[in-house]
Number of protein chains: 2
Amino acid sequence: MAVNLKQLAELLGLSQTTVSRALNGYPEVNAETRERVLQAVRETGYRPNRAAQRLATGKAYSIGLVMPIASGIDSDIHFGEFLAGLAEEAVKHDFHFVLNPSAPDDEEATFRRLAASGNVDALFLAYMRANDPRIAMLKALSIPFVVHGRSIGGAKDYPFVDIDNTAAFYDAARLLIQLGHRRIALINGPEYLAFSLRRKKGLTRALEEKGLRLDETLVHHSAMTDEYGYRSMQRFLDRPDPPTAVLCSSTVLALGAVRAINQASLVIGSDISVIAHDDVLPMLKPENFSVPLTTTRSSLRAAGARIAKRLIGGILDRGDYPEQELWRAELIVRASTGPAPGR
Amino acid sequence: MAVNLKQLAELLGLSQTTVSRALNGYPEVNAETRERVLQAVRETGYRPNRAAQRLATGKAYSIGLVMPIASGIDSDIHFGEFLAGLAEEAVKHDFHFVLNPSAPDDEEATFRRLAASGNVDALFLAYMRANDPRIAMLKALSIPFVVHGRSIGGAKDYPFVDIDNTAAFYDAARLLIQLGHRRIALINGPEYLAFSLRRKKGLTRALEEKGLRLDETLVHHSAMTDEYGYRSMQRFLDRPDPPTAVLCSSTVLALGAVRAINQASLVIGSDISVIAHDDVLPMLKPENFSVPLTTTRSSLRAAGARIAKRLIGGILDRGDYPEQELWRAELIVRASTGPAPGR
DNA sequence: AAAAGTATTCAAAGCGCTTTGGAAGGATAC
DNA sequence: GTATCCTTCCAAAGCGCTTTGAATACTTTT
């Protein structure tokens, strides 16, 4: 059923060389001939054999994924969402994945093995930490890679896609401050992750701009689960001087926080304001919260797709993408934010 | 640096044929020769080129994954965990993945495309529903597959790895009944999934054995998130006749349920008993609950690894695995179960 | 009109493995 | 001693693509 290059070439009365070149966009092919070839491809449903391409070109047409198996990360709901974005794009180009689960302590060995195996053309990195050693490691392995997120400190010259976490939480905090809030709490992701640090910085900056100081006891770091959101919020509300507003690093955390607030019989949007970062998890839409949530929004899945696109573009030497992309999260105001109480 | 077969053969003064056969376990190789070959492999670090093997054998050495993008499923925390198990095993054998995100309505097309692409040797299926049409579909495509879970109704002759969900919840319910509980609630997974139906059946059976009937209003079905566990439990507790015990289909659901119970100031293990199914999610250990949770336990990651092993074994024609495996979940009694109150 | 490009095409080699169809040599059978 | 059978090995073909190095047919230049 499936035709191969040779048969296709025979059918067209051309050589394999010409057909191959026509398909791969080489310039030395007559435009008319190229059109004939393309037409024949459409008619026969020809699809090049990836295994043969791999062998001939030495490319793997695959991207390597190191699945972190660490507490606070592994089986994270956010990971699945990101992966869906990567896969969505990869499948369009018939790219494969090599999935490597890895504990943090043999991550380096995993990268090394993966790079040496020749099974992947490129890697991607996520869950960036401050001074993340993996960037230098991958550079040393001289295998192309794109980072999701950014490290803090260390070399700056590596390709990444990140959102401007500082700006996102700066914007969010500024809105709250404009609304009169002064005691703003932060329910953040794990402390060792760069995005958490940046979001905290955004909040700090907005406060300091108004001559206010961040109360460190109003900042909690944890894995981004519902449960931790709940606990953090509860502890905040138990204080003699509870915050009048809270920033959450994920809608998942917000879910728990909202529950704690409801339980305390406080009204969201008037007694206390809530802003969460929305990764656009299909399961958890901020507009479906009992009180629709004000959010800083940036799709995790879109980031995955973008990274796949860049990785693949790089491998196929096509497409010209900026090395470093910093996406701006949108601040979307819904009903969970309002003026600070007593004002 | 990396040697190939030809070089290895020259080094040994043998033909490529013999070396290849020695490595692939063919019988027509002198035992001593084979040992020499193996030794040389160790010394040189020879690794066969997968692309070449693929081309020569026609095998893809890859397994296809259709990532469901459906509500209640997508980005499910359980999926990541299962995937980690699959990947863990696959990486040992240098197998790759083709990840295909797919909405439910073009799942069939996705399978078809995947099977036709020649990019995968086998598929795996999960999230089984009653009378699941995908089984017949894959049989028709005549591509090897292993199912995680089982359908209900329809053909019975297909390979699967499943846990005995009926027995698990039967055992759990029986324990509760022995402890004097009569009103047992069930916070279950989505109603359309087979495992949910079976777990409900297990509970029903245990009750009926003692002449009791399942109160359908004490059964809730939902996506397995914290949030839904909380809501379900809350609704149960709001009733004039709340249950004295509850079964949860996941520790994630139990997390929410426990919270609702605490909020109602009830004591787990005396006022109300809780048993949850434990998929062994590293992030959510039942022993770390405020009151350690009695569970039916079966590792999701282990199931993933097992399925990968069977899939790979089938592709490589090695290993002889039973077609159908029904794992028994362990019932582990901790502090969340106790005698029914007032007894 | 000869020389020198330019555009277009092709035959054949090669990627690194598996597998087919022998072949050589020794042991066994007749 | 010849025929037959194992055992063990090998040369070469082939998997389906890309790419090198020419070849062919036109144009353009001189």
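Since the structure is predicted, the reported quantities are computational estimates derived from the model, not experimental observations. Starting from 1, residues in each chain are numbered consecutively following that chain's sequence as written. Both sets of labels track the order of writing: A upward for chains, 1 upward for ligands. Residue-level local features of this predicted model are given only where pLDDT is at least 70; pairs of side-chain atoms are given and counted only at 80 or more, and the full residue set underlies all totals for whole chains, interfaces and linings. Each side-chain value is worked out from all heavy atoms of the structure, with water and hydrogens disregarded.

1. Comments concerning the relation of the copies chain B and chain A
In superposing the copies, a least-squares fit is computed on C-alpha atoms, taking residues whose pLDDT is at least 70 in both. Mapping chain B onto chain A calls for a screw motion: a turn of 180° about the axis and a shift of 0.0 Å along it, with 0.1 Å RMSD after fitting. Seen this way, the second copy is the image of the first under a two-fold rotation axis. When the interface residues of chain B are mapped onto chain A, 97% of them again lie at the interface, so the same face is used by both copies. We call two residues in contact when some of their heavy atoms are within 4.5 Å.

2. What to know about the protein's contact with DNA strand C
Whether a residue is near a molecule or strand depends on its heavy atoms: if one lies within 4 Å, it is near. Around DNA strand C, the structure places 28 residues, and the nearest of them are T17 and T33 of chain A together with L5, S20 and R21 of chain B. Separating a phosphate oxygen of DNA strand C from a side-chain N or O atom of S20 of chain B is a distance of 2.6 Å. Here a phosphate oxygen of DNA strand C and a backbone polar atom of N49 of chain B are 3.1 Å apart. Helix and strand definitions here come from DSSP, where helices need a minimum of 4 consecutive H or I residues and strands a minimum of 2 consecutive E residues; each element is numbered from the N-terminal end. Listing elements by their share of the surface near DNA strand C, those giving two or more residues are α2 (16-23) and α4 (50-57) of chain A together with α2 (16-23) and α4 (50-57) of chain B. By residue class, the composition of the surface near DNA strand C is ten nonpolar, 14 polar and four charged. In protein, a polar contact means a hydrogen-donor-capable atom and an acceptor-capable atom, both N or O and within 3.5 Å, with residues adjacent in sequence counting only if both atoms are side-chain atoms; elsewhere, any N or O pair within 3.5 Å suffices. In this classification, the charged set is Asp, Glu, Lys and Arg, the nonpolar set is Ala, Val, Leu, Ile, Met, Phe, Trp, Tyr, Cys and Pro, and all remaining amino acids, among them Gly, are polar.

3. A short note on the packing of helix α1 (residues 5-12) of chain B against α2 of chain B
All names here are of chain B. Relative to each other, α1 and α2 sit at 105°, their axes nearing to 9 Å. Regarding the angle of α1 to α2, the classification is roughly perpendicular. Each of L5, K6, L8, A9 and L12 in α1 lies in contact with α2, whose residues at this interface are Q16, V19 and S20. For the contact of α1 with α2, the residue count by class is five nonpolar, two polar and one charged. Every axis corresponds to a line fitted to the C-alpha atoms, with the helix fit spanning only the stretch in contact, and the corresponding angles, defined between N-to-C directions, vary from 0 to 180 degrees. Geometric relationships in this document are graded by angle, where less than 35 degrees denotes roughly parallel, more than 145 denotes roughly antiparallel, 65 to 115 denotes roughly perpendicular, and other angles denote oblique.

4. Details of the sheet that holds strand β10 (residues 294-297) of chain B
Residue and element names in this part refer to chain B. Strand order in the open sheet made by the six strands is β7-β6-β8-β9-β10-β12, with mixed pairing throughout. The open sheet has two free edges, formed respectively by β7 (219-221) and β12 (330-332), since each of these has just one partner strand. Strand after strand, the sheet turns through a mean of 15° between neighbouring axes, direction not considered. Where strand β6 (residues 184-188) and β7 come together, three bridges link them in parallel fashion. When the bridges of β7 are listed, N188 appears paired with H221. Its contacts with the sheet put helix α9 (residues 194-209) on β6, β7, β8 (245-248) and β9 (273-278), and the angle it makes with β6 is roughly 170°. Strands β6, β8 and β9 of the sheet are contacted by helix α11 (residues 251-263), whose axis makes an angle of about 160° with β9. Two strands are counted as paired when DSSP detects at least two bridges linking them.

5. Observations regarding the domain arrangement of chain A
Residues and elements named next belong to chain A. What marks off one domain from the next here is an automatic or database domain assignment. Each assigned domain of chain A is listed here: domain 1 (62-163 + 301-327) and domain 2 (165-298). Between the C-alpha centres of domain 1 and domain 2 the distance comes to 28 Å. In this assembly, 17 residues from domain 1 lie in contact with 18 residues from domain 2. Summed over both sides, the interface of domain 1 with domain 2 buries roughly 1,400 Å², with 61% coming from carbon and sulfur. Two parts lose some accessible area (1.4 Å probe) when they are put together, and adding that loss for both gives the buried area. Interface area lost by domain 1 to domain 2 is led by H78, I152 and I163, which between them contribute 39%. Every case where a carboxyl oxygen of Asp or Glu lies within 4 Å of a side-chain nitrogen of Lys or Arg is listed as a salt bridge. Our count for the domain 1 to domain 2 interface comes out at zero salt bridges. For the side of domain 1 that touches domain 2, the elements supplying multiple residues, two or more each, are α5 (77-92) and β5 (160-163). The element that contributes the greatest number of residues to the side of domain 1 that touches domain 2 is α5, accounting for three residues.

6. Things to note about the nonpolar core
Nine residue types can take part in a nonpolar core, namely buried Ala, Val, Leu, Ile, Met, Phe, Trp, Tyr and Cys, and a core is a set of them joined through side-chain atoms within 4.5 Å. Relative accessible area decides the class of each residue, using a 1.4 Å probe on protein chains only: under 20% of the type maximum gives buried, over 50% gives exposed, and in between gives partly exposed. Among the nonpolar cores identified, the biggest contains 58 residues, and L86 and F97 of chain A together with L86 and F97 of chain B are the most heavily contacted of them. If sequence neighbours within four positions are ignored, L86 of chain A has contacts with I63, L65, F97, F124, G304, A305, I307 and A308 of chain A.

7. Re the packing of aromatic side chains
Here a ring pair, both rings aromatic, is described through the centre-centre distance and the interplanar angle of the planes. Only rings of Phe, Tyr and Trp enter the pairing, Trp through its six-membered ring, and a pair is recorded when the two centres are within 6.5 Å. The plane angle decides the type: under 30 degrees is stacked, over 60 is edge-to-face, the rest tilted. Taken as a whole and assessed by the stated rule, the structure comprises six aromatic pairs over all chains. Their ring planes at 55° and their centres at 5.7 Å tell us that Y158 of chain A and F160 of chain A sit as a pair that is tilted. Since its relative accessible area comes to 2%, Y158 of chain A is described here as buried. Judged by centre distance (5.1 Å) and plane angle (20°), the rings of F82 of chain B and F124 of chain B are stacked. In this pair, F82 of chain B is assigned in helix α5 (residues 77-92) and F124 of chain B in strand β3 (residues 122-125), connecting sequence segments 42 residues apart. In this structure, F82 of chain B and F124 of chain B share a single accessibility class: buried. Lying across the ring of Y26 of chain A, R21 of chain A places its NZ or CZ 5.6 Å from the centre. Lysine and arginine charges are scored as sitting over a ring when NZ or CZ, respectively, is within 6 Å of the ring centre and within 35 degrees of the ring normal.

8. Comments concerning helix α10 (residues 226-238) of chain B
How far a helix is expected to stretch is found by multiplying one less than its residue total by 1.5 Å. If you check α10 of chain B, its first and last C-alpha atoms are 18 Å apart, about what 13 residues at 1.5 Å a residue would give, namely 18 Å. Buried within α10 of chain B are the following residues: D226, E227, G229, Y230, S232, M233, F236 and L237 of chain B. Considering only its buried residues, α10 of chain B is in contact with α10 (226-238) and α11 (251-263) of chain A together with β6, β7, β8 and α11 of chain B.

9. A word on the interface of chain B and chain A
Taken together, the contact pairs 39 residues of chain B with 38 residues of chain A. Together, the buried faces of chain B and chain A total about 3,400 Å²; carbon and sulfur atoms form 64% of this surface. Put simply, chain B and chain A have two salt bridges between them. Scanning the region where chain B abuts chain A turns up five residue pairs in polar contact (both at pLDDT 80 or more). Those elements giving two or more residues to the side of chain B that touches chain A turn out to be α4, β1 (62-68), α5, β2 (96-102), α10 and α11 of chain B.

10. Digging into the protein's contact with DNA strand D
Around DNA strand D sit 28 residues, and of these L5, S20, R21 and Y26 of chain A together with T17 of chain B come closest. Within 4 Å of the protein, atoms of DNA strand D come from sugar and phosphate in 61% of cases. The contact in question runs from a phosphate oxygen of DNA strand D to an N or O atom on the side chain of N24 of chain A, over 3.1 Å. In this structure, Y46 of chain A approaches DNA strand D through a side-chain N or O atom, which is 2.9 Å from a phosphate oxygen. Of the residues that constitute the surface near DNA strand D, the class distribution is ten nonpolar, 14 polar and four charged.

11. Focus: the pairing of β8 of chain B
All names here are of chain B. Of the two faces of β8, the one lined by A245 and L247 and the one lined by V246 and C248 are each fully buried. As defined by bridge partners, β6 adjoins β8 across four bridges and the pair is classed as parallel. Considered in β8, the bridge of A185 is made with V246. Here β8 pairs with β9 via four bridges, running parallel.

12. Remarks on the UniProt feature "domain: HTH lacI-type" (unreviewed entry) in chain A
Per the UniProt record, the feature "domain: HTH lacI-type" (unreviewed entry) sits at residues 3-57 of chain A. For the annotated span residues 3-57 of chain A, helix accounts for 69% and strand for 0% of the residues, and the straight-line distance between the end C-alpha atoms is 20 Å. UniProt positions are given in the numbering used here, feature names are shortened, and annotations may be inferred rather than shown by experiment.

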